[in-house]
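Examination of the molecular architecture
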Amino acid sequence: MFDHERFSKSIGAVALATCSMLAAVPAWAGAHFPTGVYSAKGLAATVTFDDKGRIRVEKAGVLEVEGDYTIKGGEVRLTDKRGPWACTKAGEETGTYNWKYDKGALAFTKVADACADRSESLANQAWTKK
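Below is a short write-up of the structure. (Residues numbered from 1 in each chain as written. Predicted model: local features only at pLDDT ≥ 70, side-chain atom pairs only at ≥ 80, totals over all residues. Heavy atoms only, no water.)

What follows deals with the state of the cysteines. Scanning all chains against the criterion turns up one disulfide. Each sulfur of the disulfide joining Cys 87 and Cys 115 lies 1.7 Å from the other. Within this pair, whereas Cys 87 is found in the loop between β5 (75-82) and β6 (94-102), its partner Cys 115 is found in the loop between β7 (105-112) and α2 (116-122), the two being separated by 28 residues in sequence. Since its relative accessible area comes to 6%, Cys 87 is described here as buried. Residue Cys 115 is classed as buried on the basis of its relative accessible area, which comes to 2%. (Disulfide = S-S within 2.5 Å. Helix = DSSP H or I, 4+ residues; strand = E, 2+ residues; numbered from the N terminus. Buried < 20%, exposed > 50% of the residue type's maximum accessible area, 1.4 Å probe, protein only.)

Here it is as C-alpha cells:
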C-alpha cells in the first residue's frame, strides 16, 4: 500500500537538501556566467574571469588590475583590489553591470559605477572569448 504521508515527508527532505546545496553554491558560479579570457577590438588589454570569482586585466602579459566578481542572475559586480589601473579610491572599488553572452561575445551595460575608467573601457564593447 502506498504511504502518502511518508512519501510527502521524503519529498520535503529532498527539497530541503536541494535548497541547502544551492545555498552553498558561490554567487560567482550562478547564472552560467561564461568564464575565460576575453579581448575587445581596438583594446590592447585582455580580461580574464576565472571559475573562482576572480578577475584579471592584463596588457602585454603585465597585470594591470586584479579583483573579484560576483554574479547574481544577469548582473555582475566587479571589485578592484590591486594594480596600476585598479579603481581603489573609496566609493570606486565596485561597479555593477548587466551582462549578456551571445555568439561568443560578452557585453556589459553599466548599472552603477563611480569609476569612469572601468566603465569606459568595459561597457559598450564586444568582448570576444579567446
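Counting 21 residues, the largest nonpolar core has Phe 49, Tyr 69, Val 76, Leu 78, Leu 106, Phe 108 and Trp 127 as its most contacted members. Listing elements by their share of this core, those giving two or more residues are β1 (36-40), β2 (45-49), β3 (54-59), β4 (62-72), β5, β6 and β7. When near neighbours in sequence (up to four residues on either side) are disregarded, Trp 127 contacts Tyr 38, Ser 39, Ala 40, Leu 43, Ala 45, Val 47, Gly 104, Ala 105, Leu 106, Phe 108, Ser 121 and Leu 122. (Core = buried A, V, L, I, M, F, W, Y, C linked by side-chain atoms within 4.5 Å. Contact = heavy atoms within 4.5 Å.)

Okay, the layout of surface pockets next. Approximately 360 Å³ is the volume found for the largest pocket. Among the secondary structure elements, those contributing two or more residues to the lining of the largest pocket are β2, β3, β5 and α2. By residue class, the composition of the lining of the largest pocket is eleven nonpolar, one polar and five charged. (1 Å grid on protein atoms, 1.4 Å probe; cavity = no way out; pocket = protein on both sides within 12 Å on 5 of 7 lines; lining within 4 Å. Points joined across faces, edges and corners; volume = space filled by probe spheres on them. Nonpolar A, V, L, I, M, F, W, Y, C, P; charged D, E, K, R; others polar.)

Another aspect to go through is the packing of aromatic side chains. By the definition in use, this model includes eight aromatic pairs. Arranged with centres 4.9 Å apart and planes meeting at 80°, the rings of Phe 33 and Trp 99 form a pair that is edge-to-face. Taken together, the residues Phe 33 in the loop between α1 (4-23) and β1 and Trp 99 in strand β6 connect sequence positions 66 residues apart. When sorted by exposure, Phe 33 lands in the same class as Trp 99, which is buried. Arranged with centres 6.0 Å apart and planes meeting at 35°, the rings of Phe 49 and Phe 108 form a pair that is tilted. In this pair, Phe 49 sits in strand β2 while Phe 108 sits in strand β7, placing the two residues 59 residues apart along the sequence. The same class applies to Phe 49 and to Phe 108, which are both buried. Ring pairing ties together the aromatic residues Phe 33, Tyr 38, Phe 49, Tyr 69, Tyr 97, Trp 99, Tyr 101 and Phe 108, which thus form one cluster. (Phe/Tyr/Trp six-rings, centres within 6.5 Å; stacked < 30°, edge-to-face > 60°.)

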